[in-house]
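Chain and residue survey
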Amino acid sequence: MSSSSNDGSGCDGVDIPVTSGGLAMWLTLTGLGASIAVYYVYQNLWRHRRPITDELHGTTVIVTGANCGIGFATAERMASMGARVVLGCRNPERCAIAASQIRTTTGNADVVVGPPLDLGVLGTVDEFAAWVNRKELKPRILINNAGAMVPDLETKLLTNEKGTTHAVEATFAANTVGPAALTMSLLPALKAAATETHCARVINVSSRLEKFATLDSYLHDVSGKSLAGLVDPKHTGKEASSARAYAPFTAYANAKQGNLLFTYKLADTLCTDEPSRARVLVAAVSPGMVNTSLGRWHPWFPVTAPLRWLLLPSPSAGAEASVFAATSPTLEEVAGTRTPLYFGVDRNNKRAGVTRIESSPASHDVQLQQRLWKKLSQIIGWESTENAD
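Just so it is clear, the structure is predicted and the values come from calculations on it, not from any experiment. (Residues numbered from 1 in each chain as written. Predicted model: local features only at pLDDT ≥ 70, side-chain atom pairs only at ≥ 80, totals over all residues. Heavy atoms only, no water.)

1. Quick look at the confidence of the model for the protein
To keep it simple, the criterion reads: A residue's pLDDT is simply how confident the predictor is in it, with values from 0 to 100. Whether two residues touch is decided by their heavy atoms; if any such pair falls within 4.5 Å, the residues are in contact.
In the predicted model, the protein carries a mean pLDDT of 83, and 73% of its residues have values of at least 70. Segment residues 1-14 is flagged for pLDDT under 50; beyond a separation of four residues in sequence, or across chains, it makes ten contacts in the model. Below a pLDDT of 50 lies the segment residues 44-48, which in the model reaches 16 contacts outside its immediate sequence neighbourhood of four places, other chains included.

Dropping the structure here:
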């Protein structure tokens with residue numbers, strides 16, 4: 001029996017005929033695959049790498065949802081710029097692993113693991129904010145990155161510091177209420193950390209999916225029990241009143257529009273606070289369609305993995321908008337103004353990089369902003385002078 005070789009023989013020594021056409025096809029597919037891999041690495045990994053600098057030295061940055069995906073990439077970029085980075089994650093073990101990886105890749109040892117932060121539980125938000133203040137970490141930049149899409153209708157019972165409990169649909173609780181509560185709790189510390197040359201910054205990660213929101217209807221019953229503003233349009237009649245009609249993508253769109261409404265309203269509110277004028281920048285960003293674990297509960301998620309890897313940008317690319325809004329010196333001049341700030345990659349001109357983008361008309365509705373602000377103040381427990389229903 002002949003020995004195996006690289007001339008087309010099988011491992012058992014049986015000769016396998018290789019035609020010129022088959023070889024050409026194999027070489028073509030191999031070359032195509034290699035080209036795609038190189039292009040992906042350049043577009044999504046290498047092109048978004050930045051040299052390690054010290055431009056954020058002395059600055060504390062808090063990033064929520066930093067143990068994976070866009071949050072991890074954002075935290076890594078902040079660390080590579082010399083910042084002290086505080087990771088706010090729900091799972092402490094995964095958070096510790098992420099912190100270790102960031103320290104290794106950036107050489108920045110000042111990456112801090114915060115206490116467990118579940119944005120769907122107000123108690124952990126209060127504890128995290130209290131820990132930040134107790135440790136005197138003096139954060140100047142807060143990036144509310146953490147997000148979740150809950151597959152089934154679920155209601156959270158949120159109890160604020162005043163002891164008042166409110167029932168809130170889970171996706172809205174984690175994506176809108178939690179980040180708003182964290183922001184308001186840390187706002188005094190953020191203001192105090194601002195300097196004459198560097199404003200404090202609050203960055204809220206939203207999504208272009210907010211254009212599909214039905215938040216106006218949802219705010220009538222934030223518990224979600226009536227399914228107002230949470231129904232899949234294909235369900236009608238009696239079926240529309242059952243839990244099967246719950247549409248997780250609609251709930252997610254509502255929550256992301258809530259991020260924008262809160263962003264714009266907070267910026268407007270801070271304008272009336274003279275001591276903080278021009279010292280706090282509040283902005284929203286859209287990372288775009290990115291290959292992350294969001295929606296991993298969907299049965300098609302594992303099946304589409306190769307396509308997502310091939311067609312969607314990486315988390316590093318998705319972090320670009322957050323990094324820009326958190327660090328760009330060009331934004332200092334609009335800090336503390338009522339200018340609605342929403343950043344992302346222009347889909348019609350991706351070479352332009354991160355730029356100002358337009359949000360839905362509903363996100364600019366002042367009355368809707370007031371309604372959300374009042375609802376959040378009731379749930380979280382801060383004082384509000386808004387009279388909107």
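The structure having been displayed, the exposition proceeds.
2. Quick look at the side chain of Arg208
Note the threshold: Runs of E in the DSSP output that reach at least two residues are strands. Runs of H or I that reach at least four are helices, and both are numbered from the N terminus. Exposure classes here rest on a 1.4 Å probe applied to the protein chains alone. A residue is buried below 20% of its type maximum, exposed above 50%, and partly exposed in between. Distance and chemistry together define a polar contact, namely a pair of N or O atoms within 3.5 Å, with one atom able to donate a hydrogen and the other to accept it when in protein, and with adjacent residues in sequence counting only for side-chain atoms on both sides.
Within the secondary structure, Arg208 sits in the loop between strand S7 (200-205) and helix H6 (215-218). Of the residues examined, Arg208 reaches a relative accessible area of 17% and is grouped as buried. At 2.8 Å, the side chain of Arg208 forms a polar contact with the backbone oxygen of Val345.

3. Points about the sheet that holds strand S2 (residues 84-88)
Our working definition: What makes two strands pair is DSSP finding at least two bridges between them. To get an axis, fit a line to the C-alpha atoms, keeping to the stretch in contact for a helix; angles then go from 0 to 180 degrees between the N-to-C directions.
Here eight strands make up an open sheet; going across it, the order is S3-S2-S1-S4-S7-S8-S9-S10 and the pairing mixed. Edge positions in the open sheet fall to strand S3 (111-113) and strand S10 (354-356), since each of these has one partner strand only. For this sheet, the mean angle separating the axes of adjacent strands, direction not counted, is 25°. Examined bridge by bridge, strand S4 (residues 139-144) and S7 share four bridges and lie parallel to one another. Along S7, the bridge assignment pairs Ile143 with Ile203. Where helix H2 (residues 69-80) meets the sheet, its contacts fall on strand S1 (60-64), S2, S3 and S4, and the angle it forms with S1 comes to roughly 170°. Of the strands in this sheet, S7, strand S8 (280-285) and strand S9 (342-345) are in contact with helix H7 (residues 248-270), which crosses S8 at around 160°.

4. Details of unusual backbone geometry
Positive phi outside glycine occurs at Glu136, with the angle close to 50°. By secondary structure assignment, the location of Glu136 is in the loop between helix H4 (122-134) and S4.

5. A few points about the environment of Ala170
Relative to the helices and strands, Ala170 resides in helix H5 (residues 170-193). Once the C-alpha coordinates of Ala170 and Pro151 are considered, the two residues, 19 residues apart in sequence, prove to be 9.8 Å apart. Contacts of Ala170, omitting those with residues within four sequence positions, involve Val150, Glu154 and Lys156.

6. Brief notes about the packing of aromatic side chains
Here is the rule we go by: To pair, rings of Phe, Tyr and Trp, with the six-membered ring standing in for Trp, must have centres within 6.5 Å; the planes then decide the type, stacked if under 30 degrees apart, edge-to-face if over 60, and tilted in the middle.
Inspection of the entire model under this criterion finds five aromatic pairs. An aromatic cluster of three or more residues is present, and its members are Phe262, Trp373 and Trp382.

7. Focus: the environment of Leu158
Mapped onto the secondary structure, Leu158 falls in strand S5 (residues 155-159). Remark: the alpha-carbon pair of Leu158 and Ala170, spanning twelve residues in sequence, is separated by 10.0 Å. The residues contacting Leu158, other than those within four sequence positions of it, are Gly120, Val121, Leu122, Thr164, Thr165, His166, Val168, Ala173, Val177 and Ile379.

8. Thoughts on helix H11 (residues 366-380)
Stated formally: The span you would expect from a helix comes to 1.5 Å times its residue count less one.
Spanning 15 residues, H11 covers 21 Å between terminal C-alpha atoms, matching the ideal 21 Å at 1.5 Å per step. All buried positions along H11 are accounted for by Leu368, Gln369, Arg371, Leu372, Trp373, Leu376, Ser377, Ile379 and Ile380. Looking at the buried positions of H11, the neighbouring elements they touch are H4, S5, strand S6 (165-169), H5, H6 and H7. Its side-chain oxygen placed 2.9 Å from the backbone nitrogen of Gln367, Asp365 serves as the N-cap of H11. Directly after H11, the chain includes Gly381, whose backbone phi takes a positive value near 105°.

9. Concerning the packing of H5 against H11
Here is the rule we go by: An angle counts as roughly parallel when it lies under 35 degrees, as roughly antiparallel when it exceeds 145, as roughly perpendicular when it falls between 65 and 115, and as oblique in every other case.
Relative orientation of the contacting elements H5 and H11 amounts to 80°, with a least axis distance of 10 Å. As summarised for this structure, H5 and H11 are arranged roughly perpendicular, according to the angle between their axes. Judged by residue contacts, Phe172, Thr176, Val177, Ala180, Ala181 and Met184 of H5 engage Leu372, Trp373, Leu376, Ile379 and Ile380 from H11.

10. Regarding the nonpolar core
Note the cut-off: In plain words, nonpolar cores are sets of buried Ala, Val, Leu, Ile, Met, Phe, Trp, Tyr and Cys residues tied together by side-chain atoms within 4.5 Å.
Counting 53 residues, the largest nonpolar core has Val168, Phe172 and Val177 as its most contacted members. Among the elements of the structure, H4, H5, S7, H6, H7, S8 and H11 are those that each provide at least two residues to this core. Those residues within four positions of Val168 in sequence are excluded, and the remaining contacts are Glu154, Thr155, Lys156, Leu158, Ala173, Val177, Tyr218, Val222, Ser223 and Ile379. Counting 35 residues, the second largest nonpolar core, distinct from the first, contains Leu56, Ile143, Val205 and Val285.

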